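# Structure assessment
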Amino acid sequence: MAPKQKKKLSRRKKSPKPILAASEDMEPVNMESMGHPEIYPLVLTTKTQEIFNCRIDEDITDEQPYKLINKEDIFEDLRNRAAVSDFHPVKKIVQEYPGNELLLVYDKDFKYGLNFYLIGTEEGKENYLNPPEVSEEQEEYKEYIPEDVYIYKPPVSKPWVSLGSEKEIEEESVTESTKQITYMISRKRSEFGAPIKFSDQNASSVKDAYIECTAYPDKNFTLKQLEKDVGMQVIPQIKDISTQTKWTYPKNATTQYYPREFSEEEKETLKQSKPLVDFLNNASISVEIALQQNEITNTFIDDWKHLAEEEGTFGDKTDTHLKEYQSFTDLHSPTEKMITCVSWHPTIYGLIAVSVAVRLSFEDRVHFSGKLLLQPSLILFWSFSDPIHPQLMLESPDDIFCFKFCPSDPNIIAGGCINGQIVMWDITAHADRIENVKAGGSRSKKATLKPMFLLEPESNKEAMYIRHCAVSSIENGHKKVITDIHWLSDTFEINRMGSVFENRSGICCQLVTCSADCTICFWDIRPQKPLTPQTTEKKKEESIEIPFDVPSTFLHLDLSWKPLTKVRLSKGETSLDHCPTKISLKEDHLLCKTQDKVLAQSKTAKAEEMNPYHNLESRMPNLLKPIDDFCTKFFVGTEEGEVIYTDWKMEKDPETGRLMPKKPVSLHTIHDGIVHTIQRSPFYDDIILTVGGWNVAIWKESVMTGPLLQSCCAPKRYTSGHWSLTRPGVFYIGREDGYIDIWDLLEKTHEPAQSQNICITMITCIKPWIFSPKQQFIAIADYYGTLHILEIPWTLSRPSTNEMTSINHYFEREVKHLEYVEQRKKIREQEKKEMEQEMAKKKVKIYQKSKEQMEAELKMDYESYLELEKTVLINLGLIRVTEKGSYSDVM
């Protein structure tokens, strides 16, 4: 126990201030729970024992285990050592102790938990030093008790004497009369632990799948009936009689009849009859309505059959968990890599692209920079038909952290590197290769995907490495990692001032990127100036040195590509800038719904001889038509967890004349960590989801007072998120511990509806995908480089009947709630101002009193004091009142 005491003492010496603050508020602990409220346990260190001469086994022994300590010595120790003193916990007890000496007792057996205890009352000290004498009657009672104590005597065994009871037991006992059957079931060792998947099938359509088990008598299991209950009932006599009709040979018979026709006279009579005309007039309206209903509605449709088809697509209504469908891992990579970005191919179903990066910190990247240059940085194309070998590998100068397919042409891909460069690829020459390996072969879009083991990959094909077409300039681009990239819509374009005009080319030609160097850049892939004959000759000369497998689509951008304009998000009066990580434009919700449009454009592009991206100069008219009433504001998420709503339009500084970005419209610090996701809802263009730190928030673009929904802190940090593509009230959130939180606003708005474990490491990216109206998938990437493909269940993919209306009402209700809160804040501020004004007026009134008023008040106070003094003296008998009303002192 002594070493532990020394450790506690040393810890208290290192940080005396926190212990002092804590011990001053702490009440001394006594043993009231054990029936001794006067005892207070203490820990006395060796130094304290030496100071008070109460050393164990020297000053205090078993014969005299106590010590009387002077109260003044304890106060002296408290003044010298303050909170470090061992008597500091019982300082209050020592101060209130009525005597001069306190009794300190050595607790050898640690009966009260510590090595000493202090007796805090005089009565307790006297009881300990002079214990009460035991009376003679109690001593006699104690001596008398052991005589009547019960002594245990073990039982003695005796021989068994049979009285016939064992026969009754044998007669009443049940014995088995039938032989037991033993079955042995064997299984191959290789099949142990293999996953088993049960499914329903039609027994009649599969050979040997239906075996009828008919009942038959088995003699081995016949039981002898020993007892039977029989009931008798008297009934009249019954007779069974049967009859059979006579059967005759069937014969075929035919008849022929002719219609009875009216004569000409009868026809004329009927035509002129009024009842027939009235009948036709009355019945024609009903007949016309019936014919119209038959044309509009199919009366022969089977509603029950359609309901069964809708419910029996896949899964069950009660099934709410994501099902593992397939996974992809790059087994040929020599280094450990993580997945940084995921994107489904817009037109080829079953094809997904992922970008990978080395799992190293900044210091390790600098240390191993030489080795990293020898390893390629890739974007891998995976197909459902081959989970082992990637179909394409796009090379880049450095690790890619974000990339996007071009909405106008999915063969054009743009990506952002860790070194701040933008890379462009053109995979038009390899489009046939990836289209032929899509899952299911030449199936239709409405078909369901086949299981992985039924597909036949072309193992002879090796993965192709495709070089990039162009790289941006290092000097004029970003200086740090590019964290997000977006294509601008093909309906508009911007100039250097940020003004919006109609798109001259009719295709997506501009990009926007954000980086950790605190800049947001807009890029244009078209040539900025018309090419002269000299430059074209130089271009032809340079094209000789270009490898044959690299397309010349963006050759004019290679190593000379500069941003069209740069936007910095200033922090106001300081010289610092915000560091953007994710951005969301107004047109993002339009780009996510253009799969069918891209498919149609890709078909027309194949029919044309020239790809529009191969001849960008001819699609640039000089006249720019401005677009009025275009929203140039967008949302930005930063490293500090801020959500900023700002404008990309530039304005001239009146003092310097330079182009300066506008001040942010709103800025809210909601997240307590880096913002990983900022995405608009595919159903509402003004609803935005932001994910960062330990919480999630939902915003409305027209509401600048705060978020509509802000979740509480999660047990683990959030790392990614994405809206559901078919349900407006559902979104998926990834966590750093490998779990995915599924939020359903129709079910719960304060916490996730369910959480499911996907992997053992951090989730880096989430991307859902609609394969068909009956089947949906979600791609989840983790930190260890594995891409998990999961099937979304029925409940999370099918919206309810009034889900859009319910979610819309929920958002409107939250907007009204925010408006009410703002109104209450204004009212409270106004009330606070009024109270402050009233307090100021009262203070002014007090200070504005005249000198005469103050003297009069002081005189009145003095007179009231004299009256009170006389009253007190009279009550004490020190002054006596005479008959004349005067006062005289009592001698």
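Remember, predicted model here, so these are calculated numbers, not experimental data.

## Things to note about the overall build of the chain
Within the chain, the regular secondary structure consists of 20 helices and 39 strands. Within the span of the chain, comprising 891 residues, buried residues form 37% of the whole. For the chain, long-range pairs separated by at least 24 residues make up 63% of all intrachain contacts whose partners lie at least 6 apart in sequence. About 60,100 Å² of surface is accessible on the chain, with carbon and sulfur atoms providing 54% of the total.

## Some points on the confidence of the model for the chain
Confidence along the chain averages 80 in pLDDT terms, with 81% of residues attaining 70 or more. For the stretch residues 536-544, pLDDT sits under 50, and the model shows 4 contacts to residues farther than four places along the chain or on other chains. Low pLDDT, under 50, characterises residues 603-609; the stretch is placed with 1 contact to residues that sit more than four places away or in other chains.

## Points about a negative patch on the surface
Residues E166, E168, E170, E171 and E172 make up a contiguous surface patch of negative charge. Summarising the element assignment, E168 is placed in helix α8 (residues 165-172). In this structure E168 comes out as exposed when scored by relative accessible area, which is 56%.

## Quick look at the pairing of strand β3 (residues 101-106)
Along β3, 5 of the 6 residues are buried, which leaves the element largely enclosed by surrounding structure. Of the strand pairs in this sheet, strand β2 (residues 66-70) and β3 are connected by 5 bridges, and their pairing is antiparallel. Opposite K67, over in β3, you have L104 as the bridge partner. In terms of strand pairing, β3 meets strand β4 (residues 116-119) through 4 bridges, oriented antiparallel. Within β4, the position partnered with Y106 by the bridge is F116.

## Quick word on the pattern of salt bridges
Inspection of the entire model under this criterion finds 25 salt bridges. Residue E336 pairs with R359 through a salt bridge whose shortest N-O separation is 2.7 Å. In this pair, E336 sits in the loop between β5 (323-329) and β6 (337-344) while R359 sits in the loop between β7 (351-358) and α12 (362-367), placing the two residues 23 residues apart along the sequence. One salt bridge in this structure joins E493 and R526, with 3.0 Å as the shortest N-O distance. Highlighted residues: E493 in strand β16 (residues 492-494) and R526 in the loop between β19 (519-524) and α15 (533-543), separated in sequence by 33 residues. Each member of the pair E493 and R526 is classed as buried. Each of E493, R504, D524 and R526 takes part in a single network of salt bridges with overlapping partners.

## Notes on helix α20 (residues 851-876)
Its 26 residues place the ends of α20 38 Å apart at the C-alpha level, agreeing with the 38 Å of an ideal helix rising 1.5 Å per residue. G877 lies just past α20 and shows a positive phi near 80°.

## Brief notes about the packing of aromatic side chains
For the coordinates displayed, the defined rule picks out 29 aromatic pairs. Here Y325 and F384 contribute two aromatic rings whose centre-to-centre distance is 5.7 Å and whose plane-to-plane angle is 45°, an arrangement assigned as tilted. You can see Y325 sitting in strand β5 and its partner F384 sitting in the loop between β8 (377-383) and β9 (392-396), a full 59 residues away along the chain. For F384, a relative accessible area of 1% translates into the label buried. Both rings, one in F384 and one in F777, keep their centres 5.7 Å apart while their planes meet at 80°; by these two values the pair is edge-to-face. Residue F384 is found in the loop between β8 and β9, and its partner F777 is found in strand β36 (residues 775-782); the two are separated by 393 residues along the sequence. Each member of the pair F384 and F777 is classed as buried. Here the aromatic residues Y325, F328, W344, Y349, W382, F384, W769, F771 and F777 are joined through ring pairs into a cluster of three or more. Here the basic side chain of R260 rests over the ring of F262, its NZ or CZ set 5.6 Å away from the ring centre.

## With respect to the environment of E63
Looking at the secondary structure, you find E63 in the loop between α3 (46-51) and β2. Judged by its relative accessible area of 72%, E63 is exposed.

## Focus: the sheet that holds strand β21 (residues 580-584)
The strand order across the open sheet formed by 4 strands is β21-β22-β23-β26, and the pairing between neighbours is antiparallel. Of all strands in the sheet, those with a lone pairing partner are β21 and β26 (666-669), marking the two edges. Going across the sheet, the axis of each strand differs from the next one's by a mean of 20°, ignoring polarity. Where strand β22 (residues 633-638) meets strand β23 (residues 642-647), 5 bridges bridge the pair, whose relative direction is antiparallel.

## What about the sheet that holds strand β30 (residues 709-710)?
The 4 strands are arranged β27-β28-β29-β30 in an open sheet whose pairing can be described as antiparallel. Bordering the open sheet on either side are β27 (675-680) and β30, each of which pairs with just one other strand. Where strand β28 (residues 687-692) meets strand β29 (residues 695-700), 6 bridges bridge the pair, whose relative direction is antiparallel. Note that in β29 the partner of G692 across the bridge is N695.

## Some words on the environment of S385
As for its placement among the helices and strands, S385 is situated in the loop between β8 and β9. Side chain to side chain, S385 and S383 meet in a polar contact 3.0 Å long.

## Some details on the pairing of strand β18 (residues 510-515)
Taken across its 6 residues, β18 has 6 buried, putting it largely inside the fold. Burial along β18 is two-sided: Q510, V512 and C514 facing one way and L511, T513 and S515 facing the other are all buried. Here strand β15 (residues 482-487) runs beside β18; their pairing, made up of 5 bridges, is antiparallel. When the sheet's bridge partners are listed, W487 is paired in β18 with L511. Bridge count for β18 against β19 is 5 bridges, and the pairing is antiparallel. From the neighbouring strand, V512 faces β19, where its bridge partner is F522. Linking two consecutive strands that pair antiparallel, namely β18 and β19, is a turn of 3 residues; a positive phi of about 70° is found at C518 within it.

## Quick notes on a nonpolar patch on the surface
On the surface, F262, L270, L276, F279 and L280 cluster together to form a nonpolar patch covering roughly 470 Å² of accessible area. At 3 residues, the largest contribution of residues to the nonpolar patch is made by helix α10 (residues 274-296). With respect to the helices and strands, the residue L276 is situated in helix α10. Overall, the relative accessible area of 37% leaves L276 in the partly exposed class.

## Some words on the nonpolar core
M424, W487, L511, I525, F554, W561 and Y613 are the most contacted members of the largest nonpolar core, which has 22 residues in total. Breaking this core down by element, the ones donating at least two residues are β11 (412-417), β12 (422-426), β15 and β19. Leaving out residues up to four positions away in the same chain, M424 has contacts with I412, I413, A414, H468, C469, A470, W487, L511, I525, F554 and W561.

## Here we look at the side chain of H468
Mapped onto the elements of the fold, H468 is located in the loop between β13 (464-466) and β14 (470-471). When near neighbours in sequence (up to four residues on either side) are disregarded, H468 contacts E395, S396, P397, V423, M424, W425 and V550.

The rules behind each value
- Residues numbered from 1 in each chain as written.
- Predicted model: local features only at pLDDT ≥ 70, side-chain atom pairs only at ≥ 80, totals over all residues.
- Heavy atoms only, no water.
- Helix = DSSP H or I, 4+ residues; strand = E, 2+ residues; numbered from the N terminus.
- Buried < 20%, exposed > 50% of the residue type's maximum accessible area, 1.4 Å probe, protein only.
- Contact = heavy atoms within 4.5 Å.
- Areas by Shrake-Rupley, 256 points an atom, 1.4 Å probe, with all protein chains shown as cover.
- pLDDT = per-residue confidence, 0-100.
- Patch = residues over 30% accessible without salt bridge, like charges linked within 9 Å, V, L, I, M, F, W, Y side chains within 5 Å.
- Salt bridge = Lys/Arg side-chain N within 4 Å of Asp/Glu carboxyl O.
- Lys, Arg positive; Asp, Glu negative; His and termini not counted.
- Charge placed at Lys NZ, Arg CZ, Asp CG, Glu CD.
- Pairing = 2+ DSSP bridges.
- Expected span 1.5 Å × (residues − 1).
- Phe/Tyr/Trp six-rings, centres within 6.5 Å; stacked < 30°, edge-to-face > 60°.
- Lys NZ or Arg CZ within 6 Å of the ring centre and 35° of its normal.
- Axes fitted to C-alpha atoms, helices over the stretch in contact; angles between N-to-C directions.
- Polar contact = N/O pair within 3.5 Å; in protein donor to acceptor, adjacent residues only side chain to side chain.
- Core = buried A, V, L, I, M, F, W, Y, C linked by side-chain atoms within 4.5 Å.

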